[in-house]
Amino acid sequence: MSSNALSFSDMKLATWNINSLAVRLPQVLDWLQVHEPDVLVLQETKLTDDKFPHAELQRAGWQAQCFGQRTYNGVALLSRQPADEPVHNIPGFDDAQARVISASVKGLRVVGAYFPNGQEPGSDKFAYKMAWLDALESWLRAQLARYPNLVLMGDFNIAPEDRDVYDPEAWRGKIHCTDEERAHFRNLIGLGLVDGFRLFEQAPKSWSWWDYRNLAFRRNQGLRIDHILVSESLKSKVLSCSIDKTPRKNERPSDHAPVLAELAWPAH
DNA sequence: ATGACCCAAGGATTGGGA
């Protein structure tokens, strides 16, 4: 607590699809204690807001904005400092599913998102994914004008390039890897966002998700579908971006690993 | 092998995930 107005302190941001917060809360609390992020966005909490574990998180030192629903989806934004101007989902896009939560923390606009899965090209769910992505993009264009310092992070359910797929030939044209989904990812980049992970040298075969089946984690057969995108004005402030595989080794893991980024940011 | 695993709901299976 020795910072002053002129000092800079790294701001740690993270995203994690935890596939049920009810099941994974102990792991989230452990992870928070180890990494002490300023912001952690969660996807697939699968909890209505009345069941959100505010008390346990508060005891550990994090406050939470939550936006949940029964059974599926559900997102949350945990932060050390207060989160201001919370917004749920994509304004103007009528959606029964709880997928986006945004707020400002220490002057940074954070958008945490759980992109639709899409199931299979040609399906109704794929059409919904495409409509959702269209809406996200037009909303984000305006958000970036309003908040030049913006981070979009979450489970994108898109593997942007072949190097983000353990077997690109087998996955070609399959969900997460279709040309349409990848075009949408490039649209997001075109809005003035940068893939934080690719700002740095990374080990080949870096994934953020591994199927529960087929011993996929042990064989390192996965996809990189969880991302942290930063606005252009933040690009030079990104100090690191990495995937933390450690929680995937837990006894009852989520199928996703958290993605972490550090920003040089004025102390508040 | 149109499989395999995990979760919620519900109280056996099914839908959804990716």
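For the structure, see preceding data.
Note that the structure is a prediction, hence the values are computed from the model and not measured.

Calculation rules
Residues numbered from 1 in each chain as written. Chains lettered and ligands numbered in written order. Predicted model: local features only at pLDDT ≥ 70, side-chain atom pairs only at ≥ 80, totals over all residues. Heavy atoms only, no water. Helix = DSSP H or I, 4+ residues; strand = E, 2+ residues; numbered from the N terminus. Rg over C-alpha atoms; globule rule 2.2 N^0.38 Å. Buried < 20%, exposed > 50% of the residue type's maximum accessible area, 1.4 Å probe, protein only. Contact = heavy atoms within 4.5 Å. Areas by Shrake-Rupley, 256 points an atom, 1.4 Å probe, with all protein chains shown as cover. Lys, Arg positive; Asp, Glu negative; His and termini not counted. Charge placed at Lys NZ, Arg CZ, Asp CG, Glu CD. Core = buried A, V, L, I, M, F, W, Y, C linked by side-chain atoms within 4.5 Å. Salt bridge = Lys/Arg side-chain N within 4 Å of Asp/Glu carboxyl O. Polar contact = N/O pair within 3.5 Å; in protein donor to acceptor, adjacent residues only side chain to side chain. Near = heavy atom within 4 Å. Nonpolar A, V, L, I, M, F, W, Y, C, P; charged D, E, K, R; others polar.

Let us look at the overall build of chain A. A tally of regular secondary structure across chain A gives 5 helices and 14 strands. Relative to the compact-globule value of 18 Å for 268 residues, chain A shows a C-alpha radius of gyration of 17 Å, a close match. Projected onto the principal axes, the alpha-carbon positions of chain A cover approximately 55 × 40 × 40 Å. Counting the 268 residues in chain A, one finds 55% classified as buried. In chain A, of all internal contacts separated by at least 6 residues, the share reaching a separation of at least 24 is 70%. Summed over all atoms, the accessible surface of chain A reaches about 12300 Å², with 49% contributed by carbon and sulfur. Across chain A, the mean location of the 31 positive side-chain charges is 3 Å away from that of the 34 negative side-chain charges.

Ranked by internal contacts, the top residues of the largest apolar core, which has 34 residues, are Met11, Leu13, Val39, Leu77, Leu108, Val151 and Met153. Here this core takes 4 residues from strand β14 (residues 259-266), the largest share from any one element. When sequence neighbours within four positions are dropped, the list of residues in contact with Val151 reads Leu13, Leu108, Arg109, Val110, Val111, Ile228, Leu229, Val230 and Leu234. Grouped together as the second largest cluster of nonpolar side chains are 25 residues, Leu150, Phe156, Phe185 and Leu193 included.

What follows concerns the side chain of Asp95. Examined against the element boundaries, Asp95 turns out to sit in the loop between β5 (84-88) and β6 (100-105). As a buried residue without a salt bridge, Asp95 has its nearest oppositely charged side chain in Arg99, at a separation of 4.9 Å. Side-chain polar atoms of Asp95 contact the backbone nitrogen of Gln97, separated by 2.9 Å.

Turning our attention to the environment of Ala264. Here Ala264 is to be found in strand β14. Residue classification places Ala264 among the partly exposed positions, given a relative accessible area of 22%. Note: C-alpha distance between Ala264 and Ser240 (24 residues apart in sequence) is 9.8 Å.

Close to DNA strand B lie 24 residues; Ser20, Arg24, Asn117, His176 and Trp209 are nearest. Atoms of DNA strand B within 4 Å of the protein belong to the sugar or the phosphate in 66% of instances, the rest to bases. Contact between DNA strand B and Asn17: a phosphate oxygen at 3.4 Å from a side-chain N or O atom of the residue. In the surface near DNA strand B, the residues fall into 6 nonpolar, 10 polar and 8 charged.

Note that every value here comes from positions in space, so none of it alone points to a role or purpose.
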